[in-house]
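Notes for the structure review
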Amino acid sequence: MALYSRVSGSVGMITLQNPPVNALSAAVRQGIVDMMHRALSEPEVKSVVICGQNGKFCGGADIREFGAKMTGPPLVPMVHLIEAASKPVVAAIEGIALGGGLELALSCHYRIAHSKATLGFPEVALGLLPGAGGTQRLPRLIGVPAALDLITTGRHVTAAEARQLGIVDEVTDLNAVDAAVKFAQSVTGKSLDARRISTYPCPRPPDLDAIFERAMQQVRRSARGAIAPGTCVQAVHAAVTLPYAKGMERERELFSLLFTSGQARALQYYFFAQRAVSRWSTANGARWDTSKPRPVRKAAVIGLGTMGRGITVSLAQAGFSVVAVETQEQQLSEAKQAVSGMLERGAKRRGVPLAHDKIKYSCSVQAVADVDLVIEAVFEDMALKKTVFQQLSAICKPGALLCTNTSGLDIDELASQTQSPELVVGMHFFAPAHVMQLLEVVYGPRSSPEVVATAMQMGKKMGKVSVAVGNCRGFVGNRMLKPYLEQAFFLLEEGATPEQVDQVLEEFGFAMGVFKVSDLSGLDVGWKVRKSDGLVSPASTGTSARIRGGSRYSPLGDLLCERGRFGQKTGRGWFQYDKPGGRVAKPDPWLHGFLEEYRAQHGLVARRIDHQEVLERCLYALINEGFQILQDGIAAGPEDIDVIYVLGYGWPRHRGGPMFYAGQVGLDKVVERLEHYQQIHPDVPGLQPCSLLRKLAASGNPAIHKWREVIQKPRSQL
Ligand SMILES: C[C@H](O)[C@H](C)C(=O)SCCNC(=O)CCNC(=O)[C@H](O)C(C)(C)COP(=O)([O-])OP(=O)([O-])OC[C@H]1O[C@@H](n2cnc3c(N)ncnc32)[C@H](O)[C@@H]1OP(=O)([O-])[O-]
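Residues numbered from 1 in each chain as written. Predicted model: local features only at pLDDT ≥ 70, side-chain atom pairs only at ≥ 80, totals over all residues. Heavy atoms only, no water.

Another aspect to go through is the packing of aromatic side chains. Two descriptors summarise a pair of aromatic rings, namely the distance from one centre to the other and the angle between the planes of the rings. Inspection of the entire model under this criterion finds 20 aromatic pairs. It is Arg275 that lies over the ring of Phe271; its NZ or CZ is 3.7 Å from the centre. Over the ring of Phe508 we find Arg655; its NZ or CZ atom is 4.1 Å from the centre of that ring. (Phe/Tyr/Trp six-rings, centres within 6.5 Å; stacked < 30°, edge-to-face > 60°. Lys NZ or Arg CZ within 6 Å of the ring centre and 35° of its normal.)

Structural data, given as structure tokens:
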């Protein structure tokens, strides 16, 4: 809703009231319309100020209403009412003016912003475009190039940049509402003709066509199949080529086209999913709202390899005092240099103070005796990690949290090395750890709720999105990656090429296909895991070479590693690179020859494999494992899995995530296709639809937010 009050005698004050971000719900829109009519009708009122409660102007349209039938006054007539007002209307922008909130402000005749406010059109991140005149007013106010930048990127700008661009008229460090009231009084009675932005001519810079061509090329390059960015360019183009009213019609057409698209639904689902994961729960009943995190002031990192260095930087940048330990002198000095460089670059990029003084380096584990939390990031070897945990358990002060950055080893086995297994939890960062936003917080059966709460909170303080998951081989992300990679290998055996498989996945929206990712992270990483799982065997020919534990296995990755082809780092992997460390993947004739030879050796006949089969086998195998993870209670809900895959594994955000995508395809369709491939490949258990997936499909493809009800039913009934 919206409150109305009269201030300073002649100023009508309209205050948006819809916590937490004063989103423009039906009630708020109705309130604004009613209060505007009231202010315009009261003769004593000479001007109007619009502001938001709790120091936030407006977070835009109420996204929670998108799934329901529209009620209340539409946005466009509301902004027209304000712009056409006969009395000056001043927007007092505190905190945020985003999306429909900025459109509301642009319909006002003046905008006063607090210096800490941020403004922007983030609609593109929701698969939409500014649909209440933003694409028609912003280019008229600030010019085409700047408008295209803000609308196609969705980036937020500071009040200072908004002033410089001409979006706001004044920036104040004082109370913006008071400043707006004074301003409103100062413009009372002045003509408003020059303040109605929709009446402005849209600037036509000489190289207009080139500007739009460049913008369209830019969004095509970065969109990876997302349709909203290109549609935003079209809408702004209408502002230049059409009179305002016609431009608004075009904006409405393009908006509804996006609003009804699957991508918009996927991006809105993801918006709430990324917020839902903070309301975590564990399989043994611990919850976000009943588990109190412990205070952490001082942390430590053991092992300063690539991951340890990134974690150290991320902790220091978040303001924690850090003890960084590396027992090898040489490694320690190299790490010091690397960490300093990362801190300097980060400080320059983010305009924040350097955090060098936050870090103390040491060669001795003894140095961590007084810290509140330790993150172990040594080499991915169970025996080595066990030794470290035994040391930490003996050295650390009582109550210190012992966390491990392992990417898939048994958390509880490490906990058994300590006197206090309840203090052990996994904090699985993703490379580069100071950049990647995802953190898998892995709780073991003995991890205490406070310890999980503390690790989740640490992640948030480090600017991460923390997702709580249960302890199992590979946790959630890497566990689902296994069947995905397995299918990719099998497709090569049956006739596909790495370029073909990667092209299909990149057209789907992945930044990189499975084989380029494998080359980037190093084929030897997976090889080591397969060796420790006892999967790698010397047998190179005959059936035994391609069977493990009664199931089909492809030794292709192992054979490449035996030939020293570890990917980018060796300049050769599934693709060839111009030199070791090269980044540009090129098809490798040697590999094609090797595949033909391999197929001949194993009596495999290559066949034509179409786009659909590549996509379905790779994605449905991964999705099926996701349902198995939900069934096992390793992840509490589909949102947890989708956030992990979007932030940690490059799943295209405009596809919502693997679980949301399965819902969009139709669970019955996923079951039917898995069964189809399982019939052809009976020796691949990963293609056998898991019972939770079957159950959900059989219960009529319930909407994804209904899955938890089925999942939470006692597992025995599944
Ligand atoms: C025609 C028109 O052109 C079109 C069509 C539109 O206008 S489309 C809409 C365009 N607007 C946006 O895209 C802004 C989206 N919001 C944000 O970017 C951020 O929220 C934030 C504003 C920068 C605050 O960040 P935060 O980190 O401080 O808190 P939070 O955890 O994110 O959010 C705090 C709580 O507020 C909820 N929330 C935030 N914005 C909301 C919105 N616009 N509608 C409904 N709920 C919203 C959010 O779900 C969470 O709820 P809960 O989880 O606590 O239950």
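Now that the structure is up, let's keep going.
A word on the domain arrangement of the protein. Assigned domains of the protein: these are domain 1 (2–259), domain 2 (298–474), domain 3 (496–503 + 510–601) and domain 4 (611–717). Opposite the 14 residues of domain 2 that make contact, domain 4 presents eight residues. Of the roughly 860 Å² buried where domain 2 meets domain 4, counting both sides, 70% is carbon and sulfur surface. Interface area lost by domain 2 to domain 4 is led by Phe430, Leu438 and Val467, which between them contribute 38%. Elements that contribute at least two residues to the side of domain 2 that touches domain 4 include exactly strand 16 (438–443) and strand 17 (465–470). Looking at the side of domain 2 that touches domain 4, the element that brings in the most residues is strand 17, giving five residues. Split by residue class, the side of domain 2 that touches domain 4 holds nine nonpolar, four polar and one charged. (Domains from an automatic or database assignment. Contact = heavy atoms within 4.5 Å. Buried area = accessible area lost by both parts, 1.4 Å probe. Helix = DSSP H or I, 4+ residues; strand = E, 2+ residues; numbered from the N terminus. Nonpolar A, V, L, I, M, F, W, Y, C, P; charged D, E, K, R; others polar.)

Let us look at the UniProt feature "domain: 3-hydroxyacyl-CoA dehydrogenase NAD binding" (unreviewed entry) in the protein. The UniProt feature table records "domain: 3-hydroxyacyl-CoA dehydrogenase NAD binding" (unreviewed entry) at residues 298–471. The distance separating the terminal C-alpha atoms of residues 298–471 is 26 Å; by composition the span is 38% helix and 23% strand. (UniProt positions renumbered as here; feature names shortened; annotations may be inferred.)

When the UniProt feature table is mapped to this numbering, "domain: 3-hydroxyacyl-CoA dehydrogenase C-terminal" (unreviewed entry) covers residues 474–577 and 614–701. As annotated, residues 614–701 has a helix share of 68% and a strand share of 0%, and its two end C-alpha atoms lie 24 Å apart.

This part is about the site of the ligand. The environment of the ligand is formed by 26 residues, the closest being Gly59, Gly100, Glu103, Glu123 and Arg275. Here a nitrogen atom of the ligand and a backbone polar atom of Ile63 are 2.9 Å apart. A distance of 2.7 Å is found between an oxygen atom of the ligand and a side-chain nitrogen or oxygen belonging to Glu103. Relative to its free-state accessible area of 990 Å², the ligand is covered by the protein chains to the extent of 74%. Those elements giving two or more residues to the shell around the ligand turn out to be strand 5 (96–98), helix 3 (100–107) and helix 11 (262–276). When residues in the shell around the ligand are grouped by element, the largest group, three residues, is from helix 11. (Near = heavy atom within 4 Å. Polar contact = N/O pair within 3.5 Å; in protein donor to acceptor, adjacent residues only side chain to side chain. Areas by Shrake-Rupley, 256 points an atom, 1.4 Å probe, with all protein chains shown as cover.)

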